[in-house]
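Residue-level structural notes
Residues per chain are reported as follows:
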Amino acid sequence: MNLSSLFQRSVQQYGDRPALACGTSAAFSYSALDRRVRSLAYWLRHGLGLNVGDRILLAMKNCPEYAELMLASWHAGLCVVPVNAKLHINEIEYMLRDSGAGACMSQGTLYQSLRSLADNDVELKVIDVAADDYRAALSGPLLDPMSVAANDLAWLFYTSGTTGRPKGVMLTHANMVSMAMHFLIDVQSLASDDVLIHVAPMSHGSGLYGIPYFIKGALQVIPESGGLDEAELFGLLNSYDKVSLFAAPTIVTRLIQHAKQHRVAWPGLRCLLVGGAPFYAEDIKSAIHCFGPHVAQLYGQGETPMTISALPAALLADAVAKNDTAMLASVGFAQTAIGITIVDAEDHPVPQGMPGEVIVRGPTVMAGYWGNPEATDKTIGNGALRTGDIGLIDERGLLHLKDRSKDVIISGGTNIYPREVEEALLTHPAVEEVSVVGAPDREWGESVVAFIVCHAGKTVNEQELDEVCIRTIARFKRPKRYVFVDKLPKNGTGKVLKRELQQKLKSTA
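Overview of the structure. Computed from a predicted model, the values in this text were never measured in an experiment.

Analysis parameters
- Residues numbered from 1 in each chain as written.
- Predicted model: local features only at pLDDT ≥ 70, side-chain atom pairs only at ≥ 80, totals over all residues.
- Heavy atoms only, no water.
- Helix = DSSP H or I, 4+ residues; strand = E, 2+ residues; numbered from the N terminus.
- Expected span 1.5 Å × (residues − 1).
- Buried < 20%, exposed > 50% of the residue type's maximum accessible area, 1.4 Å probe, protein only.
- Arc of directions from axis to C-beta.
- Contact = heavy atoms within 4.5 Å.
- Polar contact = N/O pair within 3.5 Å; in protein donor to acceptor, adjacent residues only side chain to side chain.
- Pairing = 2+ DSSP bridges.
- Salt bridge = Lys/Arg side-chain N within 4 Å of Asp/Glu carboxyl O.
- Core = buried A, V, L, I, M, F, W, Y, C linked by side-chain atoms within 4.5 Å.
- 1 Å grid on protein atoms, 1.4 Å probe; cavity = no way out; pocket = protein on both sides within 12 Å on 5 of 7 lines; lining within 4 Å.
- Points joined across faces, edges and corners; volume = space filled by probe spheres on them.
- Nonpolar A, V, L, I, M, F, W, Y, C, P; charged D, E, K, R; others polar.

1. Quick word on helix α5 (residues 108-119)
- Taking 1.5 Å per residue, 12 residues should reach 16 Å; α5 reaches 17 Å between its end C-alpha atoms and fits that length.
- All of the buried residues along α5 are Leu110, Tyr111, Leu114, Leu117 and Ala118. Buried positions in α5, seen along its axis, are confined to an arc of 105 degrees and lie on one side of it. Turned more than 90 degrees from where α5 packs its buried face, Thr109, Gln112 and Asp119 sit exposed.
- Looking at the buried positions of α5, the neighbouring elements they touch are β3 (55-59), α4 (89-99), β5 (103-106) and β6 (126-128).

2. Focus on the environment of Val221
- Here Val221 lies in strand β10 (residues 219-222).
- Overall, Val221 belongs to the buried group, its relative accessible area being 0%.
- Spatially, the C-alpha atoms of Val221 and Arg55 are 26 Å apart, while their sequence positions differ by 166 residues.
- Residues contacting Val221, with those up to four places away along its chain left out, are Ala21, Gly23, Val195, Leu196, Ile197, His198 and Tyr240.

3. Considering the side chain of Glu91
- With respect to the helices and strands, the residue Glu91 is situated in helix α4.
- Polar contacts involving the side chain of Glu91 include one to the side chain of Lys477, which spans 2.5 Å.
- Not counting residues within four places of it along the chain, the set of residues in contact with Glu91 comprises Glu420, Ile473, Ala474 and Lys477.

4. Observations regarding the pairing of strand β20 (residues 384-393)
- Among the 10 residues that make up β20, seven are buried, leaving the element largely enclosed by the rest of the structure.
- Where strand β17 (residues 356-361) meets β20, four bridges bridge the pair, whose relative direction is antiparallel. In the strand pairing of β20, Ile359 is matched with Arg386.
- By the bridge criterion, two bridges tie strand β19 (residues 380-381) to β20 in an arrangement that is antiparallel. What sits directly across from Ile380, in β20, is Leu385.
- Count of turn residues in the β19/β20 antiparallel hairpin: two residues, of which Asn382 carries a positive phi of about 55 degrees.

5. Regarding the pattern of salt bridges
- Applying the stated criterion to the full structure yields 19 salt bridges.
- Salt-bridge contacts for Lys378 lead to Glu374; the nearest nitrogen and oxygen are separated by 3.6 Å. Of the two residues, Lys378 and Glu374 are both situated in helix α14 (residues 373-379); the distance of four residues between them amounts to about one turn of the helix. Summarising the burial analysis for this pair, Lys378 and Glu374 share the class exposed.
- Ionic pairing is found between Lys498 and Glu422, a salt bridge with its closest N-O pair at 2.9 Å. With Lys498 in helix α17 (residues 498-508) and Glu422 in helix α15 (residues 418-425), the pair connects residues that are 76 residues apart, well separated along the chain. Across the pair, Glu422 and Lys498 agree in class, each one buried.
- What emerges from the salt-bridge pattern is a single network uniting Asp193, Asp194, Lys242 and Arg270.

6. Brief notes about the nonpolar core
- Trp74 and Met105 are the most contacted members of the largest nonpolar core, which totals 121 residues.
- Apart from residues lying up to four places away in sequence, Trp74 is in contact with Leu3, Ser4, Val80, Val148, Ala154, Trp155, His173, Met176 and Ile211.
- With 22 residues, the next largest nonpolar core counts Leu96, Cys104, Tyr111 and Leu124 among its residues.

7. Remarks on empty space enclosed by the protein
- This model, assessed by the stated rule, comprises two cavities of 30 Å³ or more.
- The space that makes up the largest cavity amounts to roughly 60 Å³.
- Taken together, Leu3, Leu6, Phe7, Leu71, Trp74, Ile211, Phe214 and Ile215 form the lining of the largest cavity.
- Listing elements by their share of the lining of the largest cavity, those giving two or more residues are α1 (3-14), α3 (64-75) and α8 (205-215).
- A class-by-class count of the residues in the lining of the largest cavity yields eight nonpolar, no polar and no charged.
- Its boundaries defined by the atoms lining it, the second largest cavity holds a volume of some 30 Å³.
- Around the second largest cavity sit Ala67, Met70, His198, Met202, Gly207, Gly210, Ile211, Phe214 and Gln220, which together line it.
- Counting only elements with at least two residues in the lining of the second largest cavity, the list comes to α3 and α8.
- A per-class count over the lining of the second largest cavity returns five nonpolar, four polar and no charged.

This is the structure in structure tokens:
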């Protein structure tokens, strides 16, 4: 079973049902969308010369073309490389080169930046999805589905650790189908009259959750803004029924604030599917007090997408009603076919209730890192995923996350990797040393703070450091605060003690 065959099954079952819409415009039916998908697939294969197994990079904000290109790519036997459109062009270029993508689909000003890369590389195909050739492809010949095995790659998602370059997480059709099945079993049941609105990036969790909605013949709606506009979203919640949306906790906070300030209604809301960053107990209570029993929580990683543990809406609402602090402080129960083990530093299982590293087994665990067997061996052992997260399982089987062994900063549901920021700041001639840490932030979950040590006799101001970051990394990764210090705390081997820096932030807050 692969993703393309599942979509074809839905076309057969739900051909006249609405499948994809932009805002409140008339939706494409499953049959009409299938026609577009098959034409695009033919163009990808015969117009662009892509072969089964090739990679295609999608660098664009949310739009109907994103959804149809995902489906067309799988129909043509290709692997999708999803990219956050907010990334710096240098970062996107690295993913483009590392993945060996045969084509890149983009739009707007990002397309113009990527097009400049193609000017120096005649083999690089960069396509504007608003251009005439893309529109012409939609009325071209139709391609029959390519033969794709369950273990063929479907999704090459780039993530980073705290060291080194971003790594491409290899997810197969089997991984993705299993993720969708887990959603339907452990998070939310679906019917053909359900609706998913994409306000979070489709390059991440929101796009992944489109798969179970397609499988069940449901409707997906892309806001005209291509992202989160609170007034627009609440308008859509008055236009559609049985609406769910994937949201990082920071999105939920913004929705609560808008609802309170503007006294709006949301009659069509079915569920806020919250993940991508820590969802604190007080924030869960605020969300349920505002929106009622329409909030679910999930925990996963790029290496096992959206699928480690979950708390469906009914359980979460019941926990708030009963003030079940243990459940509210957890990330829920292991999903159906997922095995979770907590181990110590020697990989021995620890007693119940004791903290250790969270190890995950199951059919959603990635096939490995693209072109990086060394990183794969460090992360996957005997089919089990080392998450790098520290947690414990209580007597009820609830998973509690206590810390991250990796230093990833999660701000607004997006991973920010300290070394990327540190390397950017170290390019300034006045900077001798730098250490980047995350500080608690009520709105964003965490914010980026950089501790700076200058060379003797040299100085630098915050504006200059901001300019360095903007030139080399995405804007959202640059520090929200700079702290200038004489030296960084280090252990005997010279490693910076980041936890001491975080404690310093807490003590001066």
